[in-house]
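Letter by letter, the chains look like this.
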Amino acid sequence: MYTRREVIGVLGSGTEAHRARVEPLARWIAQQGFHLLTGAGGGVMGAAAEAFVAVEGRAGLSLGIVPGAVVDGKWRPRPGYPHAAVELPILTHLPLSGEQGTEPMSRNHLNVLTARALVALPGGAGTVSEAVLALRYGRPLILFGPREAFHAFPVGLERTESLERVCAFLREAVR
């Protein structure tokens with residue numbers, strides 16, 4: 001018999017880690033037996049992956065969707081990718097991100113569609129584009145952080161500073 005583990009996506013800044021929020025969230029995801037999915041970079045993505053893989057006895061894997069491009073006939077990841085704590089890098093030929101995050105050549109589509117549910121921490125244009133895609137594709141998404149950090153995000157998405165609320169949201173989403 002096969003066991004299918006749910007995938008939880010954690011989205012956010014590629015430069016700021018927001019460790020106070022992301023580390024307990026990533027540990028909780030690991031303790032629940034889920035896989036963790038990130039965009040395979042630094043910042044929130046790297047901090048989530050590090051905290052996730054540090055949980056002893058976890059059953060899930062740290063997955064990362066790696067942006068890349070074919071240059072002179074050779075595939076190359078974006079510099080700095082994948083983060084060392086990504087156990088299963090999923091290599092793509094998709095180079096776009098940031099302001100171009102909803103374009104067809106952005107890995108953000110894979111980030112959003114692969115995860116059963118998503119948590120977005122504060123981030124820039126790339127994180128906003130992932131929120132837009134989550135709405136487009138009907139994927140459950142909750143925003144985790146101070147309300148003012150999400151002023152550029154689509155209205156109608158739940159915003160919370162409570163880890164307990166995020167965990168309850170994720171439990172409901174994977175039922």
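The coordinates are above.
Here the structure is a predicted model, which means the values were calculated and not measured.

Q: Could you clarify how one ought to interpret unusual backbone geometry in this entry?
A: Leaving glycine out, the prevailing phi sign among residues is negative, and the prevailing peptide bond configuration is trans. In this structure, the amide linkage connecting tyrosine 81 to the following residue, proline 82, adopts the cis form with an omega of -10°. Here proline 82 shows up in the loop between strand S5 (74-77) and strand S6 (88-91). Even without being a glycine, histidine 18 presents a positive backbone phi close to 50°. Inspection of the secondary structure puts histidine 18 in the loop between strand S1 (7-11) and helix H1 (19-31). Classification of histidine 18 as partly exposed rests on a relative accessible area of 28%.

Q: What's the story with helix H5 (residues 163-173) in this structure? I'm lost.
A: The α-helix winds at 3.6 residues per turn, so residues separated by three or four positions along the chain end up facing the same way. Within the span of H5, buried status applies to Val166, Cys167, Phe169, Leu170 and Ala173. With its buried residues spanning 160° around the axis, H5 presents them on a single face. Sitting at the head of H5, serine 162 places a side-chain oxygen 3.3 Å from the backbone nitrogen of glutamate 164.

Q: Explain the pattern of salt bridges to me, please; I cannot follow it from the model alone.
A: Proximity of charged atoms lets side chains of opposite charge pair with each other. For the coordinates displayed, the defined rule picks out seven salt bridges. Salt-bridge contacts for glutamate 6 lead to arginine 116; the nearest nitrogen and oxygen are separated by 2.7 Å. Remark: arginine 116 occurs in the loop between helix H3 (108-114) and strand S7 (117-120) and glutamate 6 occurs in the segment before S1; sequence separation between them is 110 residues. Given a relative accessible area of 22%, glutamate 6 falls into the partly exposed group. The closest approach of N and O atoms between glutamate 87 and arginine 58, which form a salt bridge, is 2.7 Å. Within this pair, whereas glutamate 87 is found in the loop between S5 and S6, its partner arginine 58 is found in the loop between helix H2 (44-53) and strand S3 (62-66), the two being separated by 29 residues in sequence.

Q: In this structure, what is going on with the side chain of threonine 160? I would like to understand it.
A: Note that threonine 160 resides in strand S9 (residues 158-160). For threonine 160, a relative accessible area of 11% gives the class buried. Reaching out from threonine 160, the side chain makes a polar contact with the backbone nitrogen of serine 162 at a distance of 3.0 Å.

Q: Can you help me understand the environment of valine 44 in this one?
A: With respect to the element layout, valine 44 can be found in helix H2. Counting along the chain gives 120 residues from valine 44 to glutamate 164, while the straight-line C-alpha distance between them is 19 Å. If near-sequence neighbours (up to four positions away) are discounted, valine 44 is found in contact with Val10, Leu11, Gly12, Ser13, Glu16, Ala17, His18, Val22, Leu121 and Pro122.

Q: It is not clear to me how the packing of H1 against H2 should be interpreted in this structure. Could you clarify?
A: When two helices pack together, their arrangement is given by the angle between the helix axes and the distance between those axes. Where H1 meets H2, the axes come as close as 8 Å, and the angle between the chain directions of the two elements is 45°. Regarding the angle of H1 to H2, the classification is oblique. The way H1 lies across H2 gives a crossing that is right-handed. Contacts between H1 and H2 involve Arg19, Val22, Glu23, Ala26, Arg27, Ile29 and Ala30 from the first element and Val44, Ala47, Ala48, Glu50, Ala51 and Phe52 from the second. Considered class by class, the residues forming the contact of H1 with H2 number nine nonpolar, no polar and four charged.

Definitions and limits used
Numbering of residues starts from 1 in each chain and follows the order in which that chain's sequence is written. Side-chain atom pairs in this predicted model are given and counted only at pLDDT of 80 or more, local residue features only at pLDDT of at least 70, and totals for whole chains, interfaces and linings cover all residues. Note: side-chain values were computed over all heavy atoms of the structure, leaving out hydrogens and water. Helix and strand assignments come from DSSP, with helices taken as H or I runs of at least 4 residues and strands as E runs of at least 2, each series counted from the N terminus. A 1.4 Å probe rolled over the protein chains alone gives each residue an accessible area, and that area as a share of the maximum for its type sets the label: buried under 20%, exposed over 50%, partly exposed in between. This arc corresponds to the set of directions leading from the helix axis out to the C-beta atoms. The term polar contact refers here to a pair of N or O atoms within 3.5 Å; inside protein, the definition further demands a hydrogen-donor-capable atom paired with an acceptor-capable atom, and it admits residues adjacent in sequence only when both atoms are side-chain atoms. Any carboxyl oxygen of Asp or Glu within 4 Å of a side-chain nitrogen of Lys or Arg constitutes a salt bridge here. Only heavy atoms enter the contact rule, under which two residues are in contact if any of them lie within 4.5 Å. Working convention: axes come from line fits to C-alpha atoms, limited for helices to the stretch in contact. Angles between N-to-C directions cover 0 to 180 degrees. Angles below 35 degrees are treated as roughly parallel, those above 145 as roughly antiparallel, those between 65 and 115 as roughly perpendicular, and all remaining angles as oblique. Helix crossings are classified by the rotation of the near helix relative to the far one: an anticlockwise turn of less than a right angle makes the crossing left-handed, while a clockwise turn makes it right-handed. Polar here means any residue outside two lists: the nonpolar Ala, Val, Leu, Ile, Met, Phe, Trp, Tyr, Cys and Pro, and the charged Asp, Glu, Lys and Arg; Gly therefore counts as polar.

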